[in-house]
Amino acid sequence: MNEHFDLIVLGGGSAARDGARKAATEHGAKVALVESTRWGGSCPNVACKPTKAYLVAADLIRDLRILGPTLGLAPPPDRADLAQIRTWKDSLRKPQEKWVADLRGNGFETIDGEATIVDKHTLKVEERELSGDRILIATGSRTAVPPIDGLEEAGWIDHVSALELTELPESLFVLGGGPVGLEFAQAFRRFGSQVTIVQSNDRISPRSDEDATDALAAALRDDGIEIVTGTTVERIEDGAAVLADGRHLAAGRIFLASGRKPNIEALRLDDIGIERHKLGIVVDEHMRTSVEGVWAAGDVTGMNQFTPIAQYQARIAIKDMFGGNGPAAEYSFLPTAIFTDPELASVGLTEREAAEQETEYETVIQPVANVTRSQYVREKNGLYKAVFDRSSRRVLGVHVVSRNASDVVQGLSLALRLGATIDDLAQMHHIYPSWGEGVKAAAEQAKIKVEA
């Protein structure tokens, strides 16, 4: 029997749930959600929430190790009890049964299984056929496995399986220097593993500002992490990673963090002509796919793979499919963060991007060591950097490497959107002592330059 819905959402994660909620509450839509792996999606189950629990534990261990003796506190053991940390992490997660109950309590039909799209209004989930006036694809992404000889035989873990370990690895070989790789590398190093990061680019987090990544790299190296950049892994053999430059590095437990792959294989998109690119589904600024009546949002699009962006894109899609003439997606002032310690957070243009746009720009930098709060935790690696237009004085980008950098930068995204100048930042009131005051201190350097 064919079951009909106003909207069928493929996926149960952040984009799917936000889209379903908006369609139901604002447009009275009858909604079905189809999920093949885990209700709630990656963020609350195996990504954002549980990984940050590990980072909190790692930061506590670091502070006890560095500050404990001074404060009369016992230092932590050399190796953390990973099983106990895992148990605590699991206590913070919502059980799958609760996810389903909550979704059904909101009036959604929840369907377990992999969906295959038959046409723009019809799909099958095993033997069950569903039809819908609209389809939103929000199936997310998973770890991409690079074609490295010997990798499968050696075995690997990723951000999902690493969270299930109960025994701390003696060593961790991290393949990839992006946010996921850096966060896990630091956590496991602080837990007591020996850690090596290999990054193909000439620096970690290559999309970030270069001065910011230099400061973060220095902090990670101070933690005892080996960072190898500008090379790739050719093969894994005899417990070692053979690099393209000929070096052999010990590769105990291999952690993959070098890319993401969209969850689209089962959908059979080619059969109905939905256009794809290397990283996912092609969408326009309203999240429409190449097939009328089908939209896509979140990681499956391959764009800006962050939970808030998945939710944002889903809302754009729902507005378009039910109202039409809705707003276009816009990412110019997107704040981002890597939740290492110190955090690296940014909004707007990096210095390199400003140069590539042939902008007449200037930069100012305040070292984190000159901010009072850094003295309390003995943090010397970090900075506050602003990139601004030389003539208009408008701030083009802000990059912060400090504790709580994500909170500092998040509010500044609005300032950039509203056209704040470097002088506005220099003249703003600030809280002392706070991590955020470093932004004002950096901006005041620009004012000094002009008046000199």
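Residues numbered from 1 in each chain as written. Predicted model: local features only at pLDDT ≥ 70, side-chain atom pairs only at ≥ 80, totals over all residues. Heavy atoms only, no water.

A. Seen up close, the state of the cysteines. Counted under the stated rule, the structure contains one disulfide. For Cys 43, the disulfide goes to Cys 48, at an S-S distance of 2.1 Å. Negative torsions about the S-S bond denote left-handed disulfides, and the value of about -130° found for Cys 43 with Cys 48 makes this one left-handed. By relative accessible area, which is 16% here, Cys 43 ends up buried. (Disulfide = S-S within 2.5 Å. Buried < 20%, exposed > 50% of the residue type's maximum accessible area, 1.4 Å probe, protein only.)

B. Geometry of the sheet that holds strand 20 (residues 343-348). An order of 19-20-23-22-21 is seen for the five strands of this open sheet, with the pairing classed as antiparallel. Looking along the sheet, the strands with just one partner apiece sit at the ends: strand 19 (336-338) and strand 21 (361-367). Averaged over neighbouring strand pairs, the angle between their axes works out to 10° when direction is ignored. Direction of pairing for strand 20 relative to strand 23 (residues 395-402): antiparallel, over a ladder of six bridges. Along strand 23, the bridge assignment pairs Glu 343 with Ser 402. In the packing of helix 13 (residues 405-417) onto the sheet, contacts are made with strand 19, strand 20 and strand 23, and the angle to strand 20 comes to roughly 5°. (Pairing = 2+ DSSP bridges. Helix = DSSP H or I, 4+ residues; strand = E, 2+ residues; numbered from the N terminus. Axes fitted to C-alpha atoms, helices over the stretch in contact; angles between N-to-C directions. Contact = heavy atoms within 4.5 Å.)

C. Broad picture of unusual backbone geometry. A cis amide bond links Asp 341 to the next residue, Pro 342, at an omega of 5°. Along the chain, Pro 342 turns up in the loop between strand 19 and strand 20. The residue Glu 126 is not glycine, and still its phi comes out positive at about 60°. You can see Glu 126 is positioned in the loop between strand 5 (122-125) and strand 6 (128-137).

D. Main features of the packing of helix 3 (residues 48-71) against helix 4 (residues 82-91). At a minimum axis distance of 9 Å, the contact between helix 3 and helix 4 shows a crossing angle of 135°. Considering the angle they form, helix 3 stands oblique to helix 4. Of the two elements, helix 3 crosses helix 4, and the hand of that crossing is right-handed. Facing Pro 50, Ala 53, Tyr 54, Val 56 and Ala 57 of helix 3, the residues of helix 4 in contact are Leu 82, Ile 85, Arg 86, Trp 88 and Lys 89. Partitioned by chemical class, the residues of the contact of helix 3 with helix 4 number eight nonpolar, no polar and two charged. (Parallel < 35°, antiparallel > 145°, perpendicular 65-115°, else oblique. Left-handed = near helix turned anticlockwise from the far one by under 90°. Nonpolar A, V, L, I, M, F, W, Y, C, P; charged D, E, K, R; others polar.)

E. View of the sheet that holds strand 11 (residues 233-237). One open sheet holds the three strands; their spatial order is 11-12-13, and the pairing between them is antiparallel. Of all strands in the sheet, those bounded by a partner on one side alone are strand 11 and strand 13 (248-250). Ignoring strand direction, the axes of neighbouring strands in this sheet form an average angle of 30°. The sheet contact formed by strand 12 (residues 240-243) and strand 13 spans three bridges and is antiparallel.

F. Looking closely at the nonpolar core. Within the largest apolar cluster, 50 residues are counted, with the highest numbers of intra-cluster contacts made by Leu 10, Val 31, Ile 137 and Ile 281. It is helix 10 (residues 307-322) that contributes the most residues to this core, six residues altogether. Leaving out residues up to four positions away in the same chain, Ile 281 has contacts with Ile 137, Ile 264, Leu 269, Ile 274, Glu 275, Arg 276, Thr 289, Ala 296, Val 300 and Thr 301. (Core = buried A, V, L, I, M, F, W, Y, C linked by side-chain atoms within 4.5 Å.)

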